[in-house]
Amino acid sequence: EEGSILDETDQVAVSISRRGLPAGRDTTTITVESDGGNAEVFVEIQVAERALLIVSPSQINLEQEGISAEIQLSNSGNTAISWAANTEVDWLSTSEDSGLLELGQTVTLTVNVARDGLAPGMHEARATIEYGTRQHEVLVSLEVRGPNRAPIADAGFDLTVPAGEAAQLDGSGSSSAYSYPITA
């Protein structure tokens, strides 16, 4: 910047943004020029390591048919990140157990589900991505349908209706063997 000094001295404020700088020591020189002479100021900053792992998505619903989905791991920090993936149940796994993400790197993991042997109903489990002392959890949910069974029909109270007259039936008491919606 340019300016003029009315007195013999003036202060200059300098601000430094560490954003985007790699971890470690960085140096530069600031040159101040004036009619009275030039001066160089040596500046040294220390940028701390900052591991920042972005995991997306945080929830996956495989519904009734899905067997796999993708998770993106992205390094948005200023240092390489060692990560490890763990699952809490046998029927859930990831395509990779661990890895190293360099600065700005993204990796895609596949979350796989083994539906065979799971009981009919809703299931949920977590895939945990750990790095350093931090972790991200991805909730995986799915529904397993059992063998097709006939619904339980309940048309309401017994009615006696003379021939030729209409009868009003109430099927709201009907249900599915697996609590699936029943439609007419």
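Note: the structure precedes this text.
Note that the coordinates shown come from a computational prediction; the quantities given were computed from them, not determined experimentally.

All right, on to the nonpolar core then. Counting residues in each nonpolar core, the largest one holds 26 residues, and the members touching the most others are Leu73 and Trp83. Among the elements of the structure, β3 (53-56), β5 (68-75), β6 (81-87), β9 (106-113), β10 (121-131) and β11 (134-144) are those that each provide at least two residues to this core. For Trp83, the contacting residues outside a window of four places in its chain are Leu73, Glu96, Asp97, Ser98, Gly99, Leu100, Leu101, Val107, Leu109, Ile129, Glu130 and Tyr131.

Read from one edge of the open sheet, 4 strands run β3-β5-β9-β7, paired in antiparallel fashion. The open sheet has two edge strands with one neighbour each: β3 and β7 (92-94). Looking at each pair of strands side by side, their axes are set apart by 25° on average, direction ignored. Sheet topology places β7 next to β9; 3 bridges connect them, and they run antiparallel. Residue Ser93 lies in a different strand from β9, and its bridge partner there is Asn112.

Moving on, we come to the environment of Val138. Locating Val138 in the fold gives a position in strand β11. Residues contacting Val138, with those up to four places away along its chain left out, are Val55, Pro57, Ser58, Gln59, Ile60, Ile71, Ala125, Arg126 and Ala127.

Definitions and limits used
- Residues numbered from 1 in each chain as written.
- Predicted model: local features only at pLDDT ≥ 70, side-chain atom pairs only at ≥ 80, totals over all residues.
- Heavy atoms only, no water.
- Core = buried A, V, L, I, M, F, W, Y, C linked by side-chain atoms within 4.5 Å.
- Buried < 20%, exposed > 50% of the residue type's maximum accessible area, 1.4 Å probe, protein only.
- Helix = DSSP H or I, 4+ residues; strand = E, 2+ residues; numbered from the N terminus.
- Contact = heavy atoms within 4.5 Å.
- Pairing = 2+ DSSP bridges.
- Axes fitted to C-alpha atoms, helices over the stretch in contact; angles between N-to-C directions.

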